[in-house]
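Residues per chain, in single letters:
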Amino acid sequence: MRYVQDTIGTNEKIVYIVKFHWVYTLSAILYLLLFGIFIIGIIIFVSMLINKWTTERVLTDSRYIQKIGWIARYTEEISINKIEEVVLSQTILGRILGYGSISISGTGSGKIILTSIDNPLDFQKHLNNLRFNK
């Protein structure tokens, strides 16, 4: 959370921290077990875990902040009042296990896609509360 802590304003408060679902880690382990004898399985496993460890996704009371990357840094931010559409995608297995993806699109910005998030309905609820209560 270091990047987020360094960039949020003094009066800005973190409302929700978006976390990866355990299925993401399980899929990384399966890649390692299935393709580990080949170098590609190890590479996929390590890259997925580095992605998980270096990704920060936070909803504050005024914006959504996403930082991805370890050596190179890629950030996306969108102000709550600029969000136009929030789309939730869940498979049947995702509904049963409680994970899914959310796509956020807004005025003057592209699409921000949050994949393999834990409890996407809870995140969507917090985001909509901020959007419609301002």
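Note that the structure is a prediction, hence the values are computed from the model and not measured.

Conventions used here
- Residues numbered from 1 in each chain as written.
- Predicted model: local features only at pLDDT ≥ 70, side-chain atom pairs only at ≥ 80, totals over all residues.
- Heavy atoms only, no water.
- Phe/Tyr/Trp six-rings, centres within 6.5 Å; stacked < 30°, edge-to-face > 60°.
- Helix = DSSP H or I, 4+ residues; strand = E, 2+ residues; numbered from the N terminus.
- Lys NZ or Arg CZ within 6 Å of the ring centre and 35° of its normal.
- Buried < 20%, exposed > 50% of the residue type's maximum accessible area, 1.4 Å probe, protein only.

Engineer: A description of the packing of aromatic side chains should follow, citing residues and the corresponding values.
Structural biologist: What the rule picks out here adds up to four aromatic pairs. Between the aromatic rings of Tyr64 and Phe123, the centroid separation amounts to 6.0 Å while the plane-to-plane angle is 70°, which identifies the pairing as edge-to-face. In this pair, Tyr64 sits in strand E3 (residues 63–68) while Phe123 sits in helix H5 (residues 120–132), placing the two residues 59 residues apart along the sequence. One aromatic cluster is present, built from ring pairs that chain together Tyr16, Tyr64 and Phe123. The residue whose ring lies beneath Arg57 is Phe20, and the NZ or CZ to ring-centre distance is 4.2 Å.

Engineer: Got a sec to walk through unusual backbone geometry? Specific residues and values, please.
Structural biologist: For Ser116, which is not glycine, the phi torsion reads 50° and is therefore positive. Position of Ser116 relative to the elements: it lies in strand E7 (residues 111–118). Residue class for Ser116 comes out partly exposed when judged on its relative accessible area of 21%. For Asn119, which is not a glycine, the phi torsion comes out positive at approximately 55°. With respect to the helices, strands and loops of the structure, Asn119 is situated in the loop between E7 and H5.

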